[in-house]
Amino acid sequence: MKDAIDRIFQKHPDAHRDSLIPILQEAQEINGYLSNEVVVEIGRHLNLPASKIYGVATFYNQFRFSPVGKYHVMVCRGTACHVKGSAAVLSAIEQELKIKAGNTSRDGIFSIEVVACIGACGLAPVISINGEFHANVDSKKINEILDIYREDEKASKDGGSE
Amino acid sequence: MFEIEANKRIIDAEPGETILSALNRAGIKVPTLCHMDGLNPSGACRICVVEIEGMRGLVPSCSFPVQEGMKIETNSPRAIRARKTIIELLLANHPDDCLYCVRNGNCQLQDLAEEYGIRERRYAGKKNVYHLDNTSPSIIRDQAKCILCGKCVRVCEEVQNIAAIDFVGRGSKTVIAPAFEESLNVSSCINCGQCILACPTGALREKSYLKEVVDALLDPEKYVVIQHAPAVSVSIAEEFGLKPGKDIDDLMVAAFKRLGFKKVFDTSFTADLTIMEEGSELVSRVTNGGTLPMMTSCSPGWIKYVEQFYPEMIDNLSTCKSPQQMLGAVIKSYFAQKEGIDPKNIFSVSVMPCTAKKFECARPEMGRNNIADIDAVLSTREAARLIKMHGIDFDSLTPELPDMPFGERSTAGKLFGATGGVMEAAIRSAHFLITGKELSTLKIEDVRGLEGIKEAKVKIGDLVLGVAVVNGVGNAAKLLDEIKAGRKDLHFIEVMTCPGGCVAGGGQPLNTDKDAIKARLGALYNIDQTETLRTSHNNKQVQELYKDFLGKPLGEKSHELLHTHYAKRDVLL
Amino acid sequence: MTKETDNIKIDKLLVALSHQAVCSGDAPKEDNELSGILSTLRREKISKPVLYLGAATCGISAGANKTLIAIENYISEKNIDVEVVEIGCIGLCSEEPLLDVQLPGKTRLTFSKVMKDDVNDLLDAVLSGAPLKEKILGQHSSETLEVWNDVPYLNELPFLKPQKRCVLKNCGIINPSNINEYLAYGGYRAFAKALHSMTPLEVCNEVEFSGLRGRGGGGFPTGKKWKFALGAESDQKYMICNADEGDPGAFMDRAVIEGDPHRLLEGIAIASYAIGATKAYIYIRAEYPLAIDRLKEAIGQAKKYGLLGENILDSGFNLSIIIKMSAGAFVCGEETALIHSIEGKRGMPRPRPPFPAVCGLFGKPSVINNVETFSNVSSILEKGKEWFSSMGTAGSKGTKVFALSGKISKTGLVEVEMGTTLRQIVFDIGGGIPNGKKYKAVQIGGPSGGCIPEHHLDIEIDYESLKEVGAMMGSGGLVVMDEDTCMVDVAKFFMDFIQRESCGKCIPCREGTRHMLEILESITRSRKNEDPHNTLKRFKGIMYLHRLAEVIKDTSLCGLGQTAPNPVLSTLNWFRDEYEAHIYERRCPAGACIELLTYSIIEDKCVGCGACAKKCPTNAIMGAKRAPHYIVNDKCINCGSCKDICKFDAVVVE
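Described below are features of the structure shown in this document.

Cut-offs used in this document
- Residues numbered from 1 in each chain as written.
- Chains lettered and ligands numbered in written order.
- Predicted model: local features only at pLDDT ≥ 70, side-chain atom pairs only at ≥ 80, totals over all residues.
- Heavy atoms only, no water.
- Helix = DSSP H or I, 4+ residues; strand = E, 2+ residues; numbered from the N terminus.
- Rg over C-alpha atoms; globule rule 2.2 N^0.38 Å.
- Buried < 20%, exposed > 50% of the residue type's maximum accessible area, 1.4 Å probe, protein only.
- Contact = heavy atoms within 4.5 Å.
- Areas by Shrake-Rupley, 256 points an atom, 1.4 Å probe, with all protein chains shown as cover.
- Lys, Arg positive; Asp, Glu negative; His and termini not counted.
- Charge placed at Lys NZ, Arg CZ, Asp CG, Glu CD.
- Pairing = 2+ DSSP bridges.
- Buried area = accessible area lost by both parts, 1.4 Å probe.
- Salt bridge = Lys/Arg side-chain N within 4 Å of Asp/Glu carboxyl O.
- Nonpolar A, V, L, I, M, F, W, Y, C, P; charged D, E, K, R; others polar.
- Axes fitted to C-alpha atoms, helices over the stretch in contact; angles between N-to-C directions.
- Polar contact = N/O pair within 3.5 Å; in protein donor to acceptor, adjacent residues only side chain to side chain.

## A closer look at the overall build of chain B
For step 1, the next point in the chain: Helix and strand content of chain B: 19 helices and 20 strands.
For step 2, the next point in the chain: Expected size for 573 residues packed as a compact globule is a radius of gyration near 25 Å; at 25 Å, chain B falls within 12% of this value.
For step 3, the next point in the chain: Taking all 573 residues of chain B together, 60% fall into the buried category.
For step 4, the next point in the chain: Across chain B, the fraction of contacts at a sequence separation of at least 24, relative to all contacts at a separation of at least 6, is 74%.
For step 5, the next point in the chain: Surface summary for chain B: the accessible area is close to 22500 Å², and the carbon and sulfur share equals 50%.
For step 6, the next point in the chain: Side-chain charges of chain B comprise 69 positive and 74 negative groups, with the mean position of each set lying 3 Å from the other.

Here it is as structure tokens:
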């Protein structure tokens, strides 16, 4: 992990305060979240106190401080999606996966996050799982979508257990 | 200069200044909560809004610049209603805790609620619930009472240059905390307490040791003694409603005696002692090629600052303990022996203008044989509370003198409460130590005053010493970086953590008005002007202490009791 | 000649073209060879079929990726020689994935809803000259190519006919990844013209007198804003493009960047020249990864052509454009918050004055404009300020792009002249409300805006007219609502959004909107087990909503707070009866507030099968076998499972 962070710092030599957010974004890509360790390292590199780094990172929606699931479900919370029933979609997903938004399932496979507008309002309600978009989601047919990933997970587990 | 109209009066306005500045100069009061003199306006609280003809919406007077022809109404019905609503909104998310709160009677939010006649709980709803952080020996963080004005963050970052705390999160879920919402004791906080002075409510307060002190006073086994710092006697009167700048030293001593303290000593005595030790140390370093520049070590916030941020400069620090700790050490050795008291039974209390002293007294190096030099530190505010709690009426007191053998003090020692005071005292005695002659003009103007960094060249015999005086630890970094970069012309640096010096310390009465600070300083300088014993080396009792017990400055006994060491600190930076 | 030398030739010619435009002052003289190359790039004459696939985010969400794979498989299997071009979005989201097919000599055909399983049959048919009629949406018009019989023209379709596509001119037409196509369609001429034959002040004037106003929502005259910055003296100035598009329900900027990124770059370049900025930042939302890729690509291409960088087109003007990804905060759409975010701080606004044009990014004069604002600039310089001001109303000139979504038949992007009525947009272009439902309102302006009820549908859209009815232009998001939408719920939704996104700096917004939200929540909460104290609070809540709204509007630090009460005030104004039903009757007329619903079983229809009772999670349904069942309302949590499972339609909800 230290190597990955150092590589990021090498891309930003002589970095100043205005590189903070890009560095945080790149650092989050390493593990999917920002650990305390990483925040302290970034503070050292930029010569800024850890409280400042943490204060900036916690302001923005994008940054997470605990790991997300293998399949991260993002439910769009935009106006169009809301009017087309995204609240029911979220409810259904929470019921199915047995976790609330903002949390990760105990086995670490699924996590749910509610996001501000994805920008595909014409196809509301929209959800995105690991970057893959699903449009016109029907809350009553949520399992059809979730099953795709459950199958994937099963396949990878079976495949790996040779 | 041009003219604007405010509340139907014509007042002066300077181009570029804010409306608030012009209003204040004209004596028109507008409430503020997040405003900080000398720093850029934050514009966060919105309570300073005023109505201006022709402008849509209400205008924040703290940040909006004056314009020619402006017509301002500071108390229009719309402005008052807005302020009332803002106060009600703050109260709606505030614990209904006034009666139990340390700021009861002295709280800006409480004052505003009273001033605007808030009588109804209009916006009831869920209040945020938080953990209390009382891990720090000096400061308690009570997030539930925080109104997020941001003054503590700004003081810590922009004034003190530490940034131990910052805003975390966003919106109504914002809290002010160290990184990772860790507790204060593992953060880079240096315990200076400037945040307490800035906080308008009880969200930040000192850790109180009143209970320990009262318990000790009531314990028949304990021999309880008390000392008070130079800055305390010129400030404590404010807690009793008197104007800043009144020195009530002798009355205060009487009050302490009434409370049951067996002995009341004066920390200014050991300030003189410190000058002997530190002066000798400086001379030694200068003549023997020791680490220079030497930096004072009486400010515990400053010590923690160096240990955290500039550990490579630890050797520059004087090894002298602070006057508080020196007195604690000699009480539990010299005094105990002389009086035949078992040091284990002595409960040593100090009254300090400082919250970092609460941290200092708990440092493991400050004691011997598992007996701490100082057992409890009370701030000036706590001392006043103790006096009030016991119903002591100042009008009925007769002045009393402090106790020997630690009661005599020079005005040089008393100047330790002022920024530049340690330097002035040191120069007066260094001159004598080096040349054997008294300094002709004891008042050294160059090191007096409130600027952050003052420098001077002092001629002592054939030596020319370069000295610097810093107040506000944020200013110290500049000098330290210059020294690290190779600056060689400085020999001695005085650093006081708090801007303004100890008279403006974290434990002082909550009045950060520049005039109040100046008045307190004025009182100290007045004492220096009027009393006769003005140099530390002429303090007979100090001489007696050396003759009788310590031997000589920097001698073996001195090293054991009066000197200490420091170490790098691993904290969340 | 190889493809590479072809390309180099094109590059050189096109850049020279831009120069030429400058030197001759008028339209560039195109010699035959250049003409030929441009015509080829515009695909006016093709030698082999071209397939254009709408592969922007909307298309991909609808399945265009899979369609593309199917197309590629088809091509390799049949071993045919066709060109496949990925294009942006023409704006008809409800018909995605869209596939255009252009056969040599014939006009370009657009097919709608082309899923991966439709590809084989569709391509078989069209490539043989007999396209499947049921999949055709329309054909592009052309002066030279042969038209298809019995196929409507795209620009005659009710969705496209009333539109005036200026900003969206190239979206869904050109390949956004090829700068040459943009150049072939007239791109970068305006920039070259500005650099060589206009002073910065002249450019500002042209834009100011065209009447262009900020399209991000503020509506501030663009040219005027530029002049403030032009007049400020400084060693460095910045131009900033706000591509954060935080309004939920808005996706205009995304479509423009994904479909025609060079239009944005050209606009930024011209604007930078106009104020004297040598550095420009594009602050774009991290949730738009495809748009970011397109921008990076486009900037790289522009640099290679010398249209960005040092001494652009030998004019002595330098400009570099840097992309900054936002990290997710709606408040960063506000100018000073955006600046702080670029500076690496918490995105919290600060008091103004001083305004960014005087003291902005890093303390230097900066101008912030919206993507759509920039995208209008090149046309204004090319066609002249009179052309622009000939469109629109007296106070609002030009066109506006709207993102139409919600309960409407045709969702997507529309660009219309200012002054078009809402009725035209919703019913003529959008095709009205689907499923036979009744129109209720359209939300315009996002969380800062308001709703327009039926009796105001004939409003001519412009900045001022919308303000008069308590709404706001905003960035252009239009969300249509029907009789099943509860307006109290909508107000609550927006207030919830504001509470989440409020930066928390100032008290009226942070604490005030929190209480407004609590009042709205108490109105939509279940009445079961409510104690009288809460009932009284609920009644008083409405009075306090107004009071709070006024103070929040009057005293908030930034636009987010100042406009936060708008949705509540607007819905309260036009739909007071719904609020009153919620408060006094504890009933949601639209049936959307789940906690206020009452489920009951119609005795006559119930056969007593007991299926509902088995499903009920709280055992709230009682009844003997074969006898009509009934629901105990105090236990019912309104989940709706009984209604879902009843085969006899015996469960009703109101």
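## Details of the overall build of chain C
For step 1, the next point in the chain: Along its length, chain C carries 25 helices and 18 strands.
For step 2, the next point in the chain: A compact globule built from 654 residues should have a C-alpha radius of gyration of about 26 Å, and chain C, at 28 Å, falls within 12% of that.
For step 3, the next point in the chain: In terms of its C-alpha atoms, chain C occupies a principal-axis envelope of roughly 90 × 65 × 40 Å.
For step 4, the next point in the chain: The buried share among the 654 residues of chain C stands at 61%.

## Regarding the sheet that holds strand E6 (residues 132-133) of chain B
For step 1, the next point in the chain: Spatial ordering of the open sheet is given by E6-E7-E10 (chain B), a layout of three strands whose pairing is antiparallel. Either end of the sheet is taken by a strand with one partner, and the two such strands are E6 and strand E10 (204-206) of chain B.

## Looking at the interface of chain C and chain A
For step 1, the next point in the chain: With 48 residues of chain C at the contact, the number on the chain A side is 32 residues.
For step 2, the next point in the chain: A buried area of about 3300 Å², summed over both sides, lies between chain C and chain A, and 60% of it is on carbon and sulfur atoms.
For step 3, the next point in the chain: Among the residues chain C hides against chain A, the three largest losses belong to Ser61, Ala327 and Phe493 of chain C. Together they make up 18% of the total.
For step 4, the next point in the chain: At the junction of chain C and chain A, the tally comes to zero salt bridges.
For step 5, the next point in the chain: Tallying contributions element by element places helix H18 (residues 487-501) of chain C first for the side of chain C that touches chain A, with six residues.
For step 6, the next point in the chain: Broken down by class, the residue content of the side of chain C that touches chain A amounts to 23 nonpolar, 12 polar and 13 charged.

## As for the sheet that holds strand E9 (residues 366-370) of chain C
Residues and elements named next belong to chain C.
For step 1, the next point in the chain: One open sheet accounts for four strands, arranged E8-E7-E6-E9; its pairing is parallel. Looking at which strands have only one partner, the edges of the open sheet turn out to be strand E8 (320-325) and E9. Direction aside, the axes of adjacent strands within the sheet are offset by 20 degrees on average.
For step 2, the next point in the chain: In the sheet, strand E7 (residues 279-284) pairs with E8 via six bridges, with the strands oriented parallel.

## Regarding the side chain of Arg547 of chain C
For step 1, the next point in the chain: Examined against the element boundaries, Arg547 of chain C turns out to sit in helix H20 (residues 532-555).
For step 2, the next point in the chain: At 4.7 Å, Glu88 of chain B is the nearest oppositely charged side chain to Arg547 of chain C, a buried residue that forms no salt bridge.
For step 3, the next point in the chain: Setting aside its immediate chain neighbours within four residues, Arg547 of chain C contacts Arg81, Thr85, Arg122 and Tyr123 of chain B.

## Quick notes on the pairing of strand E4 (residues 108-111) of chain C
All names here are of chain C.
For step 1, the next point in the chain: The two faces of E4 match: Arg108 and Thr110 on one face and Leu109 and Phe111 on the other face are all buried.
For step 2, the next point in the chain: Both strand E3 (residues 99-102) and E4 contribute to a ladder of four bridges, which runs antiparallel. Within E4, the residue paired with Gln102 across the bridge is Arg108.
For step 3, the next point in the chain: Once E3 ends, the chain turns through five residues before running back antiparallel as E4, passing Gly105 with a positive phi of about 90 degrees.
For step 4, the next point in the chain: Here E4 pairs with strand E5 (residues 136-139) via three bridges, running antiparallel. Paired with Thr110 across the bridge in E5 is Gly138.

## Quick notes on helix H22 (residues 566-574) of chain C
For step 1, the next point in the chain: Those residues of H22 of chain C not exposed but buried are Asn566, Pro567, Val568, Ser570, Thr571 and Leu572 of chain C.
For step 2, the next point in the chain: Where H22 of chain C is buried, its residues touch strand E13 (450-453), H18, helix H19 (507-523), H20, helix H21 (559-563) and helix H23 (576-584) of chain C.

## A look at the pattern of salt bridges
Residues and elements named next belong to chain C.
For step 1, the next point in the chain: This structure, assessed with the given rule, holds 92 salt bridges over all chains.
For step 2, the next point in the chain: The salt bridge involving Glu206 is made with Lys385; its shortest N-O contact spans 3.8 Å. One end of the pair, Glu206, is in helix H8 (residues 200-210); the other, Lys385, is in helix H15 (residues 385-389), and 179 residues separate them in sequence.
For step 3, the next point in the chain: Exposure remark for Glu206: the relative accessible area of 16% places this residue in the buried category.

## Overview of the interface of chain B and chain A
For step 1, the next point in the chain: Taken together, the 15 residues of chain B in the interface contact 13 residues of chain A.
For step 2, the next point in the chain: The contact between chain B and chain A buries some 1200 Å² in all, and 58% of this surface belongs to carbon and sulfur atoms.
For step 3, the next point in the chain: For the pair chain B and chain A, the number of links is two salt bridges.
For step 4, the next point in the chain: Of the charged contacts in the structure, one is a salt bridge between Lys52 of chain A and Asp166 of chain B, with a shortest N-O distance of 2.7 Å.
For step 5, the next point in the chain: Joining chain B to chain A, the criterion identifies six residue pairs in polar contact (both at pLDDT 80 or more).
For step 6, the next point in the chain: At three residues, strand E8 (residues 166-168) of chain B tops the list of elements feeding residues into the side of chain B that touches chain A.
For step 7, the next point in the chain: Taken together, the residues of the side of chain B that touches chain A sort by class into 10 nonpolar, one polar and four charged.

None of this, on its own, says anything about what the molecule does.
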